[in-house]
Amino acid sequence: MANSNLPRRIIKETQRLLSEPAPGISASPSEENMRYFNVMILGPSQSPYEGGVFKLELFLPEEYPMAPPKVRFLTKIYHPNIDKLGRICLDILKDKWSPALQIRTVLLSIQALLSAPNPDDPLSENIAKHWKTNETEAVETAKEWTRLYASGE
Amino acid sequence: MSVYFPRNFRLLEELERGEKGIGDGTVSYGMDDGDDIYMRSWTGTIIGPHNTVHEGRIYQLKLFCDKDYPEKPPSVRFHSRVNMTCVNHETGVFDYVEIGSIALVEPKKFGLLANWQREYTMEDILTQLKKEMAAPHNRKLVQPPEGTYF
């Protein structure tokens, strides 16, 4: 498929992701499409997602790096900034994108988002409301979902 | 050298486009099951075109995008009863579920599905079906009572 003419920047980024992976993150390109990555993020320690293995998919559109990568969770997750389809509310994936950012920085930001849910800028209204009204209980639900859906099987 | 756009991100774009609303609003679509991470089942709506027997009628359709979408077209069937030359009325099995009578859009009789290309979208299917309703061989066909479903 369209792997020839893969921009040098993407090749470099991919090589580095494979040779020096960031802690708790793995990203490898699909064989058929070098712009499409299978991603795993481990739930950060001291977060409700600790112990979970979260699968994501990432795609570099034709305009990359002038346009941000497209990323979403494939593993169900209870988080105010992630919706039922795994779409992520994160400014650098939208208007705060800059070509100086990389796949690695995007994945690190997503990992950080797991450590610091932001119910004031929600994507899932119900989960955000839950978080704001009863954080202890919301965190319990997030832990429960991590056990149920992100056990890494 | 075109970039190969993967299925799931393609469907997410179609979803966002559908949520914004298309053109004059006479065709629309959305996801059937908001929990399905693979976004397979969709509902489409077509408002029958002017100056045809379909005028003012609201037709509901079901579209099913399998794992091989958009390489392969979705299966398309009418949920509302309709008479059109490209729609087959059969009794049988759909998506492995026995559902009695179905109104499948027959790919062989509907050019867009017969000559499917991966750039085509669900919007294209619905828009083209609406045009098909206004084609000479469909615009005057006697229709089932309004608002009846399978």
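Starting afresh in each chain, residues are numbered from 1 along the sequence in its written order. Chains carry letters from A onward and ligands carry numbers from 1 onward, assigned in written order. Restriction of local features to residues with pLDDT of at least 70 applies here, the model being predicted, together with a cutoff of 80 or more for giving and counting side-chain atom pairs; totals for whole chains, interfaces and linings are based on all residues. Each side-chain value is worked out from all heavy atoms of the structure, with water and hydrogens disregarded.

To keep things clear, this is the line we draw: UniProt positions are given in the numbering used here, feature names are shortened, and annotations may be inferred rather than shown by experiment.
The name that an unreviewed UniProt entry assigns to chain B is UBC core domain-containing protein, with the source organism given as Ficus carica. Among the UniProt annotations of chain B, the heading Subunit (unreviewed entry) holds the following wording: "Heterodimer with UBC35 or UBC36."

Under an unreviewed UniProt entry, chain A has the name E2 ubiquitin-conjugating enzyme and belongs to Ficus carica. The Sequence similarities (unreviewed entry) field of the UniProt record for chain A holds the comment "Belongs to the ubiquitin-conjugating enzyme family." As recorded by UniProt, the Subunit (unreviewed entry) comment attached to chain A reads in full: "Interacts with yeast and human Mms2, with the RING domain of RGLG2 and with UEV1A, UEV1B, UEV1C and UEV1D."

### Structural notes on the pattern of salt bridges
Pairing between side chains of opposite charge can happen when the charged atoms of each approach one another. What counts is decided by this rule: Salt bridge criterion: a side-chain nitrogen from Lys or Arg within 4 Å of a carboxyl oxygen from Asp or Glu. Throughout this description, buried means an accessible area under 20% of the type-specific maximum (1.4 Å probe, protein chains only), exposed means over 50%, and partly exposed covers the range between. The secondary structure listing takes helices from DSSP runs of H or I that are at least 4 residues long and strands from runs of E that are at least 2 residues long, numbered from the N terminus.
On inspection of all chains with the given rule, the structure shows 15 salt bridges over all chains. Salt-bridge contacts for R87(A) lead to D83(A); the nearest nitrogen and oxygen are separated by 2.9 Å. Taking the relative accessible area as the measure of exposure, D83(A) reaches 15% and is therefore buried. A salt bridge links E123(B) to R17(B), with the nearest nitrogen and oxygen atoms 2.5 Å apart. In this pair, E123(B) is assigned in helix α3 (residues 122-133) and R17(B) in helix α1 (residues 7-20), connecting sequence segments 106 residues apart. Judged by its relative accessible area of 13%, E123(B) is buried.

### Concerning the interface of chain B and chain A
As a measure of interface size, the accessible area lost when the parts come together is often cited. Condition: It only takes one pair of heavy atoms within 4.5 Å for two residues to be counted as in contact. Buried area adds together the accessible area that both of two parts lose upon being put together, with accessible area traced by a 1.4 Å probe. Polar contacts, as counted here, are pairs of nitrogen or oxygen atoms within 3.5 Å of one another; within protein the pair requires one atom able to donate a hydrogen and one able to accept it, and residues that are adjacent in sequence qualify only if both atoms are side-chain atoms. The classification used treats Ala, Val, Leu, Ile, Met, Phe, Trp, Tyr, Cys and Pro as nonpolar, Asp, Glu, Lys and Arg as charged, and all other residues, Gly among them, as polar.
Each partner contributes to the interface: chain B provides 19 residues, whereas chain A provides 21 residues. A buried area of about 1800 Å², summed over both sides, lies between chain B and chain A, and 66% of it is on carbon and sulfur atoms. The partner of E13(B) in a salt bridge is K70(A), with the nearest N and O atoms 3.1 Å apart. In this structure, the connection of chain B to chain A is made through five residue pairs in polar contact (both at pLDDT 80 or more). When residues in the side of chain B that touches chain A are grouped by element, the largest group, seven residues, is from α1(B). A breakdown of the residues in the side of chain B that touches chain A according to their chemical character gives eleven nonpolar, three polar and five charged.

### Structural notes on the environment of P119(A)
All names here are of chain A. Note that P119 resides in the loop between α2 (103-115) and α3 (125-133). A relative accessible area of 16% means that P119 is categorised as buried. Leave out the neighbours within four places in its chain, and P119 touches P80, A128, W131 and K132.

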